[in-house]
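Fold and geometry: a report
Chain residues, written in single-letter form:
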Amino acid sequence: MRPTATWRNEKAFLPGRKTDAMNSMPVNSSGPKLSRNAIRVLESRYLNRDEKGRIVETPAQLFECVAGAVARAETRFHPSGRGEVWKDRFFHLLTTLDFLPNTPTLMNAGKPLGQLSACFVLPVGDSMEEIFEAVKQMALIQRTGGGTGFSFSGLRPKGAFVSTTSGEASGPVSFMRIFDCVTENIKQGGKRRGANMGVLRVDHPDILEFIGAKENEPAFRNFNLSVAVTDAFMVAAREGRDYRLIDPASGQGVGTLGAKEVFDAIATTAWRTGDPGLIFLDAVNRTQPTPHLGAIEATNPCGEIPLLPYESCNLGSINLAHMLKREGEGEVIDWEKLRATVTQATRFLDDVIEVSRYPIAQTEKITRGNRKIGLGVMGFA
């Protein structure tokens, strides 16, 4: 069911209302004013091509296609013809470059793939079947332009007994190499390389191997890595105490490490290789909006969005450099334009949730239920 937030109140958008800043803004534009570099990027990644690789779309046509595809959500919920009104507003939002959505929306809106979200998190279970199911799901997402995040904390540590084969487990870092190799051979939507986030809890027995995963070889080029730290670990690191390592299969303690030494290893390795980063698990889950649906264990590849297993999120940015107006001898923030742009961009991103085609059924269900979006900024400097 569509949320009934105040920004969704149709009465606020009736034409002619002077209090509605959006209606005072022009909704038609002949096309974007783009730099030479921007045109190069559009030509290499976004503009439609025919079977011979020739560009058959202009930037204005691209934005019109995106605006029309996203505005179809308006018709779905308001069959009274509001779709065309919002198509014009979205087109203006894009062609003025006041706001731009994430790459999958620009690449796929109105196109056969139709997958518009950039960020996904997938669960990884502790069996061969579950691990390779996650690999398959990752491939389906990445070929449409999405990036994927994983927590490998549920995998048994290296050397653990495997009853089905009477052998030993190879550990999460070993299986991460499979994910990395598959991503290396997938080009997202035919336009860009894949990206992953790999997360391991600080109390996993293989945490030191995970921390140093990028040090000794050119491995995990398609992964960002983050250690999931707890409040208890941070307190132990500050106080110089040991902390327990936990077997994820049994939940039992299997040894200890010095928290300060582990924290120093994280910092030193991050200085050398750029990874790992930190995810503050307890802080994330204290403030997450849907704790009754489960615990958050991972983020999208760049860490902007903590997500539940199978959740996805679409992103967009407002260009703050366009949110200024002349006043006297200088420029000041145009708060009215900023308010209108934030409102329209939020509606755009929420509509993306409705019209996107999801490669995994579990993702469609939880994404449409929780409706997470990420609205950021660019041009602050």
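Quick notes on the rules
Residues numbered from 1 in each chain as written. Predicted model: local features only at pLDDT ≥ 70, side-chain atom pairs only at ≥ 80, totals over all residues. Heavy atoms only, no water. Salt bridge = Lys/Arg side-chain N within 4 Å of Asp/Glu carboxyl O. Helix = DSSP H or I, 4+ residues; strand = E, 2+ residues; numbered from the N terminus. Buried < 20%, exposed > 50% of the residue type's maximum accessible area, 1.4 Å probe, protein only. pLDDT = per-residue confidence, 0-100. Contact = heavy atoms within 4.5 Å. Polar contact = N/O pair within 3.5 Å; in protein donor to acceptor, adjacent residues only side chain to side chain. Pairing = 2+ DSSP bridges.

1. What about the pattern of salt bridges?
- Evaluated as defined, the whole model comprises 21 salt bridges.
- With a closest N to O distance of 3.5 Å, Lys337 and Asp98 form a salt bridge. Placement of the pair is Lys337 in helix α12 (residues 335-355) and Asp98 in the loop between α4 (82-95) and β1 (99-101), with a sequence separation of 239 residues.
- For Lys337, a relative accessible area of 22% corresponds to the partly exposed category.

2. Details of the confidence of the model for the chain
- Averaged over all residues, the pLDDT of the chain is 88; the fraction at 70 or higher stands at 88%.
- Note that pLDDT drops below 50 for residues 1-29; the model gives that stretch 59 contacts with residues more than four away or on any other chain.

3. Re the side chain of Ser356
- If you trace the backbone, Ser356 turns up in the loop between α12 and α13 (361-370).
- Side-chain polar atoms of Ser356 contact the backbone nitrogen of Leu116, separated by 3.1 Å.
- Discounting residues that sit within four places of it in the chain, Ser356 has contacts with Gly114, Gln115, Leu116, Ser117 and Arg368.

4. Looking at the pairing of strand β17 (residues 330-333)
- Summarising the sheet, strand β16 (residues 324-327) and β17 pair through 4 bridges and their orientation is antiparallel. Looking across to β17, one finds that Lys325 is bridged to Val332.
- Connecting β16 to the antiparallel partner β17 that follows it, the hairpin turn spans 2 residues, and Gly328 within it adopts a positive phi of roughly 65°.

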